[in-house]
Amino acid sequence: MTDDLRLRELSSPTLADQAYDALREAIISGELAPQEKITERGLAARLAVSPTPVREALRRLEQDQLVDRTGPRTVQVTAFDDDRAAELRLVEGNLRAVAARLAASNARPDQLARIERLLDEGDAEHARLQARAQAGEPLAVEDLADLLRITRGFHTAVNEASGNPVLLRLLSMVDAFSLAHRRPRLRGELRDDRGLDIARRYAEHRAVFAAVRDGDGPEAERLMRDHAAAEALGALT
């Protein structure tokens, strides 16, 4: 094979990639609810694109098992019962623990700096939520939006620092399942006045980072596994 036959490099995401990302996030956030029936044309109209990239995005979401095909042009958002969701969180927790262990060996300085910046941002938000809770102010789901965004960013950054493409692919799949199931439970925790407990769990991320930064793989794995086990009972990642 000559150099003239090399495959063209892709420099930007396609419309199908963008549609996939948007639909996946909509499922995770609950904008597209479990068991909701959706059509290619309806989604194309909402995304302001033609049906073709939506069709490709839905094929990928089927492979991820986030949607089920119900007809030639219709799908339904996958719904999992609590037992299946618990199994997925167990898988997710163990994969995250392995990622933390590998990150302790493979993380680059710029990746460690990014993780620490996220934690600094999270610490400020955590302190703000604690102050509100201690003042007797009730917390709503919307109040935790920034902390949820930061914790997702933290876990994504630690996973990426593992440097293992296969592990990243597996984590991407189970993360979507876990978040899609966990979001509705967050409202229940807040109704039960457990908002401060949710915020407190955030503090465990700093200990995980310290182990990763110090290159202590076994400790990073242990801490992340313990953190994931606690999160299996709650809603905050």
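Residues numbered from 1 in each chain as written. Predicted model: local features only at pLDDT ≥ 70, side-chain atom pairs only at ≥ 80, totals over all residues. Heavy atoms only, no water.

1. Topic: a negative patch on the surface
Where like charges cluster on the molecular surface, the negative patch consists of Asp81, Asp82, Asp83 and Glu87. Residue placement: Asp83 occurs in helix α4 (residues 82-106). Judged by relative accessible area, which is 60%, Asp83 ranks as exposed. (Patch = residues over 30% accessible without salt bridge, like charges linked within 9 Å, V, L, I, M, F, W, Y side chains within 5 Å. Areas by Shrake-Rupley, 256 points an atom, 1.4 Å probe, with all protein chains shown as cover. Salt bridge = Lys/Arg side-chain N within 4 Å of Asp/Glu carboxyl O. Lys, Arg positive; Asp, Glu negative; His and termini not counted. Charge placed at Lys NZ, Arg CZ, Asp CG, Glu CD. Helix = DSSP H or I, 4+ residues; strand = E, 2+ residues; numbered from the N terminus. Buried < 20%, exposed > 50% of the residue type's maximum accessible area, 1.4 Å probe, protein only.)

2. Quick look at the sheet that holds strand β1 (residues 37-39)
Spatially, the three strands line up as an open sheet ordered β1-β3-β2, and their pairing is antiparallel. The sheet is open, and its two borders are formed by β1 and β2 (67-69), each paired with just one other strand. The mean angle between the axes of side-by-side strands here comes to 35°, regardless of whether they run parallel or antiparallel. Pairing of β1 with strand β3 (residues 74-77), which is carried by three bridges, proceeds in the antiparallel orientation. Looking at β3, one finds that Thr39 is bridged to Thr74. Docked against the sheet, helix α3 (residues 51-63) engages β2 and β3, running at close to 110° with respect to β2. (Pairing = 2+ DSSP bridges. Axes fitted to C-alpha atoms, helices over the stretch in contact; angles between N-to-C directions. Contact = heavy atoms within 4.5 Å.)

3. Describing the pairing of β3
Across a regular strand the side chains alternate sides, sitting on one face of the sheet and then on the other. What you see with β3 is a clean split: Val75 and Val77 sit on the buried side and Thr74 and Gln76 on the side with no burial. Where β2 lies against β3, three bridges are found, and the strand directions are antiparallel. Within the sheet, the bridge partner assigned to Arg69 lies in β3 and is Val75. Linking β2 to β3, which pair antiparallel, is a turn of four residues.

4. Considering the packing of aromatic side chains
Under the definition given, this model contains zero aromatic pairs. Sitting over the ring of Tyr20, Arg60 keeps its end group 3.8 Å from the ring centre. (Phe/Tyr/Trp six-rings, centres within 6.5 Å; stacked < 30°, edge-to-face > 60°. Lys NZ or Arg CZ within 6 Å of the ring centre and 35° of its normal.)

5. Notes on the packing of helix α6 (residues 145-161) against helix α9 (residues 204-213)
Following both chains from N to C, one finds α6 and α9 inclined at 20°, their axes separated by 12 Å at the closest point. With respect to α9, the element α6 is oriented roughly parallel. As for how α6 packs across α9, the hand of that crossing is left-handed. Along its contact with α6, which presents Thr151, Phe154 and His155, the element α9 presents His205, Val208 and Phe209. (Parallel < 35°, antiparallel > 145°, perpendicular 65-115°, else oblique. Left-handed = near helix turned anticlockwise from the far one by under 90°.)

6. Some words on the pattern of salt bridges
Under the counting rule described, the total for this entry stands at 23 salt bridges. Residues Asp17 and Arg60 are paired through a salt bridge, measuring 2.9 Å at the closest nitrogen-oxygen approach. One end of the pair, Asp17, is in helix α1 (residues 15-29); the other, Arg60, is in helix α3, with 43 residues separating them in the sequence. According to the relative accessible area criterion, Arg60 is partly exposed, its value standing at 26%. A salt bridge links Arg206 to Asp120; its shortest N-O distance comes to 3.1 Å. Pair noted here: Arg206 is in helix α9 and Asp120 is in helix α5 (residues 109-134), with a separation of 86 residues, a long-range link. When salt bridges with common partners are traced through the structure, they connect Glu40, Arg55, Glu62, Arg69 and Arg73 into a single cluster.

7. Details of α3
Here α3 is 13 residues long and its end C-alpha atoms lie 18 Å apart, about the 18 Å a rise of 1.5 Å per residue gives. Taken together, the buried positions of α3 are Pro53, Val54, Ala57, Leu58 and Leu61. Looking straight down α3, one finds that the buried residues subtend no more than 140° of arc, so they occupy a single side. For α3, the exposed residues lying more than 90 degrees away from the buried face are Thr52 and Gln63. Within two residues after α3, Gln65 carries a phi angle of roughly 65°, on the positive side. (Expected span 1.5 Å × (residues − 1). Arc of directions from axis to C-beta.)

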